[in-house]
Amino acid sequence: GTYILAPGWSKSLYTYDTGLQVYVMNDKDDGQETAQGRRSGAYVVQSGDQQDMRISSRIQWRRLPDKIIALHKYAPTDVEERLILPVLQNVIKNRATLLTALEAYSGAGLVKLQSDILSDLQRNEELAKYITVETYTIEHIGLDPKYTAEIVARQVAVQERLKNIEQTKAAESAAEKAKATAQADYEKTLVEARRDKEKAVLSQQAISEKAVIEAEANA
């Protein structure tokens, strides 16, 4: 809108962007980061199994238009550092320590961790006084290289085990098929032998009966 500053009464005019803002805490320092936040400032917390996890993350947030005056009084500058950062670090710590490093590192555990942190941020009463959080994303979780190597080795072992299980299932299936085929051939042979035997018996009976009839006729 249009604002008029009265000399001697209004001395300053402050403008705030109520559009989408981005705040980051990560280890990117390549000159390409366009968001506000801490470069080379990923948050380090310990997992449930006492492993250091260096979590790089970002959130998207907006100022609440009807809370601008309250936000200006609370944090006229450095909103991210004074308002968002303390809450974000506390939420990350509370959630990350509930998982082992292996659970949080990838897969469903990583997705759950990210979802739980976003939910906590959106429900946080302190943030809700001034801003709304739109999204939260975990860009990367850094672990000790030795522990990462153990995770990779464990995943490879799991894949090998699953491969062996599938191969065993395939071999068992082939064996069952061969057994079924052999059983079918065996039963077929028995049926054919029984049929041939019955044919021979009937043929012999027919010969005997013919001989009896001829003998009776001659008599």
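Note: the structure precedes this text.
Here's what I pulled together on the structure shown here. Please read these numbers as outputs of a predicted model, since none were measured by experiment. (Residues numbered from 1 in each chain as written. Predicted model: local features only at pLDDT ≥ 70, side-chain atom pairs only at ≥ 80, totals over all residues. Heavy atoms only, no water.)

**Side note on the overall build of the chain**
Our working rule: The helix and strand labels rest on DSSP assignments: H or I over at least four residues marks a helix, E over at least two residues marks a strand, and numbering proceeds from the N terminus. Exposed residues in this analysis have more than 50% of their type's maximum accessible area, buried residues have under 20%, and partly exposed residues fall in between, with area computed by a 1.4 Å probe over protein chains only. To measure how exposed things are, a 1.4 Å probe is used in the Shrake-Rupley method; for residues, cover is taken only from the protein chains shown. His is not counted, nor are the chain ends, whereas Lys and Arg count as positive and Asp and Glu as negative. One atom stands in for each charge, and that atom is NZ of Lys, CZ of Arg, CG of Asp or CD of Glu.
Along its length, the chain carries six helices and five strands. Moving toward the C terminus, one meets the helices and strands of the chain in the order β-β-β-β-α-α-α-α-α-β-α. Counting only C-alpha atoms, the chain reaches 155 × 45 × 30 Å along its principal axes. Across the 219 residues that make up the chain, the buried fraction comes to 24%. About 15000 Å² of surface is accessible on the chain, with carbon and sulfur atoms providing 52% of the total. The positive charge centre, built from 29 side chains, and the negative charge centre, built from 32, are 5 Å apart in the chain.

**A closer look at the packing of aromatic side chains**
One pair of aromatic rings is described through two measures. These are the centre distance and the angle between the planes. Here is the rule we go by: The criterion for an aromatic pair is that two Phe, Tyr or Trp rings (for Trp, the six-membered ring) have centres within 6.5 Å, with stacked assigned to planes under 30 degrees apart, edge-to-face to planes over 60 apart and tilted to the rest.
Applying the stated criterion across every chain yields a total of one aromatic pair. Residues Tyr 74 and Tyr 130 carry aromatic rings whose centres are separated by 5.0 Å and whose planes lie at 20 degrees to one another, so their mutual orientation is stacked. Taken as a pair, Tyr 74 in helix α1 (residues 68-74) and Tyr 130 in the loop between α5 (125-128) and β5 (131-142) lie far apart in primary sequence, 56 residues in all. Classification of Tyr 74 by relative accessible area gives partly exposed; the value is 34%. You can call Tyr 130 buried: its relative accessible area is 10%.

**Overview of the pattern of salt bridges**
Put simply, the test is: When a carboxyl oxygen of Asp or Glu is within 4 Å of a side-chain nitrogen of Lys or Arg, the pair counts as a salt bridge.
Tallying each qualifying case throughout the model produces seven salt bridges. In this structure, the salt-bridge partner of Glu 139 is Arg 58, at a minimum N-O distance of 2.7 Å. Of this pair, Glu 139 sits in strand β5 while Arg 58 sits in strand β4 (residues 52-63), placing them 81 residues apart in sequence. Asp 116 is the salt-bridge partner of Lys 112, the closest N and O atoms lying 2.7 Å from each other. Of this pair, Lys 112 and Asp 116 both sit in helix α4 (residues 107-123), four residues apart, roughly one helical turn. Through salt bridges that share partners, Arg 95, Lys 112, Asp 116, Asp 120 and Arg 123 make up one connected network.

**Description of the side chain of Gln 21**
The test is simple: Here a polar contact means two N or O atoms within 3.5 Å. Within protein one must be a hydrogen donor candidate and the other an acceptor candidate, and residues neighboring in sequence count only if both atoms are side-chain atoms. In this description, contact between two residues means that some pair of their heavy atoms is separated by no more than 4.5 Å.
Examined against the element boundaries, Gln 21 turns out to sit in strand β1 (residues 21-25). One polar contact links Gln 21 to Asp 17, side chain to side chain, over a distance of 3.1 Å. Among all residues touching Gln 21, those that are not within four sequence positions of it are Ile 59, Gln 60, Trp 61 and Arg 63.

**What to know about the nonpolar core**
Note the cut-off: Side-chain atoms within 4.5 Å link the members of a nonpolar core, which is a set of buried Ala, Val, Leu, Ile, Met, Phe, Trp, Tyr and Cys residues.
Grouped together as the largest cluster of nonpolar side chains are 35 residues, with contacts concentrated most on Met 53, Ile 55, Leu 121 and Tyr 136. Broken down by secondary-structure element, the contributors of at least two residues to this core are β1, β3 (43-46), β4, α2 (79-96), α3 (101-105), α4, β5 and α6 (145-218). With nine residues, α2 is the largest single contributor of residues to this core.

**Remarks on unusual backbone geometry**
A positive phi angle, close to 65 degrees, is found at Gln 50, a residue other than glycine. Here Gln 50 shows up in the loop between β3 and β4. Located in the positive-phi region is Asp 78, a residue other than glycine, with phi close to 50 degrees. Note on placement: Asp 78 falls in the loop between α1 and α2.

**Re the pairing of β1**
Where we set the bar: When DSSP finds at least two bridges between two strands, those strands are taken to pair.
Most of β1 is tucked away: four of the five residues are buried. Where β1 and β4 come together, five bridges link them in antiparallel fashion. Counterpart to Val 22 in the pairing with β4 is Gln 60.

**Notes on the environment of Gln 114**
Turning to its location among the elements, Gln 114 is positioned in helix α4. Residues Gln 114 and Glu 139 lie 25 residues apart in sequence; the distance between their C-alpha atoms is 9.9 Å. Not counting the four nearest positions on each side in its chain, Gln 114 is found in contact with Tyr 136, Thr 137 and Ile 138.

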